[in-house]
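Geometric and topological summary
Below, each chain spelled out in residue letters.
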Amino acid sequence: MLLLRKMLGQIIHDGRLTVIAPNGGIHHIGNGTPSITIRIVDPAVIPRLLLNPDLALGEAYMDGALLVDDGDIYGFLDICFSNIGSSSGQGVRRARASLSRLVRRFVQHNPIPVARANVAHHYDLSDTLYEQFLDADRQYSCAYYNSSDDTLERAQEQKKRHLAAKLLLSSGQRILDIGSGWGGLSLYLAQIAAVDVTGLTLSTEQHAYSERRAAETGLGDRVRFLLKDYRQEEGRYDRIVSVGMFEHVGVGHYREYFKKVRSLLTNDGVAMIHTIGRADGPGAANAWINKYIFPGGYVPALSEILPAIEQAGLYVTDIEILRLHYAETLKAWRQRFIANRGRVAEIYDQRFCLMWEFYLASCEAAFRHGGLINFQIQVSKRVNAAPLTRDYIQNWERLHKIDAADVDVPAHSVSHPAKSGGFAQ
Ligand SMILES: C[S@@+](CC[C@H](N)C(=O)[O-])C[C@H]1O[C@@H](n2cnc3c(N)ncnc32)[C@H](O)[C@@H]1O
C-alpha cells in the first residue's frame, strides 16, 4: 500500500484523494478540491495497480474490488486524468506508451475475419443496451456542440449537417458510408440531398436494424446497407463518408484504407473521414479498452494518418479539430446510461454494467484532460475539388437550418436526464 500511495502521490497534486486500504487504513493524497474517496476491498488489486494501472483499474472497478465511497467513478477518473494531463504525469504516460508501441502493429493486424470478430464483440451487443444511452437516431460518434446548452439530439443533428456541408452534396450523387452504424447518417444524407447511399457495416445487428429503418422511412430505393468489409467494396462513388470507423482500421492498415478510398472515389470525388485522434503523437492503445470494449481499436495521431493519405495520392483539402465535443457527447451518454441502468441490468449482469460505466467515464475523462480529440479530415483526388474558402460550410448549414422541434425531444421512451449546461474543463 505504501508503494501505491507513493505512486498516487506523484500523480495527484490538485484535488484530494482519500484511499481506504483493505486493512481499514486511511490515506490522504493531494490537497484542495475536488475531493473523492475510494475503497480498495481486495488486497490483490494493489500489486496489479502498481504493475499495470491501465488494465488493473478498470478490472478492479468492474469486479467490485475497488469502490467509490463518495461521488462516482467519473469523479475519481476526473481527478486522475486532470493531474496526469499536467506535465508531471505525462512522462509516466509516455514511458508506458513507448513500450506498448513496440507490439501494436502485431496486436492490430486486422484481416477481414479478425475485423468481423472485433466488430461483433462490441456492436452485436443487445439493441436494448444502445437504446439506453444513444440519441434516438443512434449516432455513435462525436456530436457537434454549437453551444454548451445543446441537447445530445441537437448536437448529433448538427454533426450530421456539418458533415453533409463538407461533403458538398448535390442531388443524384452516389455516396458510400463506410462504417454506417445503425444507418442514421446514410438516411439523413438521402433525405436532405436526394442522393443515393450505400452504407457498409460489419455488424449483423446494425445491418438488420438499418435495413428495417430504410424500409420504414420509404428510402429503400435510394439507401441500401451491406454487411461488408470496406476492403471488399468495388465501384465508384462521388462522395465517401466514414464516421467513427477509422479507429477500427488498425495502425498497419492505414495505407490500405486510403488506397481503397482513392480507388472508390470518382475523379472529382470528396471523402470525409471523422475519427477520434490523439493530440500528443503516436501512442499505444489502452490495454483495458482493447481487452474489454474495442478489441483491435487504436486512436491515431494526425502524424500517422497524413503520410498514408499522401502515399495514396490524395489531397487533404480541410482538417477540423473537434476538442471538447466528444467529452460532452460522452457525458450525455454516461448520464443517460446511469439513468437507465436498471434496463441494462435486466439483460446484463452487474459486472457488465460496471464495465460500461467505467468505459464511458474513462473515455469522457480522457477527452476532457487526456489529449484525446476528434479529427474531421476532408480528402479528394483533385486539388480543386473543394471551394477556395470555407464559407461554403456555413452557407450550407444556414440553408439547412435545424428545426428545434425536430430534435430536442428524444423520440424513444427511455429516460434522458436534463442537460446541465457549461463545458466543464
Ligand atoms: C463507432 S461505429 C460508428 C457508426 C456510425 N458511423 C456512427 O457515427 O454512428 C463504427 C462502425 O464501423 C464499422 N466497421 C468497423 N470496421 C469495419 C470494416 N472493416 N468495414 C466496414 N465497416 C466497419 C462498424 O460495423 C460500425 O458500424
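Residues numbered from 1 in each chain as written. Predicted model: local features only at pLDDT ≥ 70, side-chain atom pairs only at ≥ 80, totals over all residues. Heavy atoms only, no water.

Brief notes about the packing of aromatic side chains
Our working definition: Here a Phe, Tyr or Trp ring, Trp counted by its six-membered ring, pairs with any other such ring whose centre lies within 6.5 Å, and the pair is stacked when the planes are under 30 degrees apart, edge-to-face when over 60, and tilted otherwise. Think of it this way: any DSSP run of H or I at least four residues long counts as a helix, any run of E at least two long counts as a strand, and we number them from the N terminus. For the exposure calls, accessible area comes from a 1.4 Å probe over protein chains only, and a residue counts as buried if that area is under 20% of its type's maximum, exposed if over 50%, partly exposed in between. By definition here, charges over rings are those cases where NZ of Lys or CZ of Arg is within 6 Å of the ring centre and within 35 degrees of the ring normal.
If you walk through the whole model with that rule in mind, you get 27 aromatic pairs. Considering the side-chain rings of Y130 and W182, the 4.7 Å spacing of their centres and the 50° angle between planes classify their relative orientation as tilted. Taken together, the residues Y130 in helix 8 (residues 127–133) and W182 in the loop between strand 4 (174–178) and helix 10 (184–193) connect sequence positions 52 residues apart. Of the two residues examined, Y130 and W182, each falls in the buried class. Cation over ring: R174 sits above Y237, and NZ or CZ is 4.6 Å from the ring centre.

Side note on unusual backbone geometry
Of note, the amide linkage connecting T33 to P34 takes the cis form, showing an omega dihedral of -5°. Examined against the element boundaries, P34 turns out to sit in strand 2 (residues 26–40). Even without being glycine, R138 reaches a positive phi, approximately 60°. Within the secondary structure, R138 sits in the loop between helix 8 and helix 9 (152–166).

Looking at the pattern of salt bridges
Applied cut-off: Here, a salt bridge means any Lys or Arg side-chain nitrogen found within 4 Å of an Asp or Glu carboxyl oxygen.
Under the definition given, this model contains 22 salt bridges. When the shortest N-O distance is used, the salt bridge between E364 and R334 registers 2.7 Å. Here E364, found in helix 17 (residues 350–369), pairs with R334, found in helix 15 (residues 325–339); they are 30 residues apart in sequence, far enough to count as distant. When its relative accessible area of 1% is taken as the criterion, E364 is described as buried. One salt-bridge network, in which partners are shared between bridges, spans D72, E328, R334, E364 and R368.

Re the UniProt feature "domain: DUF7884" (unreviewed entry) in the chain
Put simply, the rule is: UniProt positions are given in the numbering used here, feature names are shortened, and annotations may be inferred rather than shown by experiment.
Mapped onto this numbering, the UniProt entry annotates "domain: DUF7884" (unreviewed entry) at residues 15–83. Within the segment residues 15–83, helix and strand shares are 41% and 38% respectively, and the terminal C-alpha atoms sit 9 Å apart.

With respect to the environment of R255
Basically, it comes down to this: Residue contacts are defined here by distance: any two heavy atoms, one from each residue, within 4.5 Å place the two residues in contact.
Tracing the sequence through the fold places R255 in helix 12 (residues 254–264). R255 sits in the partly exposed class, given a relative accessible area of 47%. Spatially, the C-alpha atoms of R255 and A308 are 4.7 Å apart, while their sequence positions differ by 53 residues. Aside from chain neighbours lying at most four places away, what touches R255 is A308 and Q311.

Quick look at the site of the ligand
Test applied: Note on definitions. A residue lies near a molecule or strand when any single heavy atom of the residue is within 4 Å of it. Polar contact is defined as a pair of N or O atoms within 3.5 Å, subject to the rule that within protein one atom must be able to donate a hydrogen and the other to accept it, and that residues adjacent in sequence are counted only when both atoms are side-chain atoms. Using a 1.4 Å probe, the Shrake-Rupley method yields the accessible areas, and only the shown protein chains count as cover for residues. By the convention adopted, Pro, Cys, Tyr, Trp, Phe, Met, Ile, Leu, Val and Ala count as nonpolar, Lys, Arg, Asp and Glu as charged, and the other residues, Gly among them, as polar.
Neighbouring the ligand are 20 residues, the closest being Y140, S141, G179, Q206 and V243. One of the backbone nitrogen or oxygen atoms of Y140 is found 2.7 Å away from an oxygen atom of the ligand. G179 has a polar backbone atom sitting 2.7 Å from a nitrogen atom of the ligand. Isolated, the ligand exposes 590 Å² of accessible area, and the fraction of that covered by the protein chains is 96%. Within the shell around the ligand, the residues separate by chemical class into 8 nonpolar, 9 polar and 3 charged.

So, the sheet that holds strand 4
Convention followed: Two strands qualify as a pair provided DSSP detects at least 2 bridges between them. Every axis in this analysis is a line fitted to C-alpha atoms, fitted for helices over the stretch in contact. Angles between the N-to-C directions lie between 0 and 180 degrees.
What the 7 strands build is an open sheet, ordered 6-5-4-7-8-10-9; its pairing is mixed. Each edge of the open sheet is held by one strand with a lone partner, namely strand 6 (223–227) and strand 9 (315–322). Recorded for the sheet is a direction-independent mean angle of 15° between the axes of neighbouring strands. Sheet topology places strand 5 (residues 196–201) next to strand 6; 5 bridges connect them, and they run parallel. Bridge pairing in strand 6 links T198 to R224.

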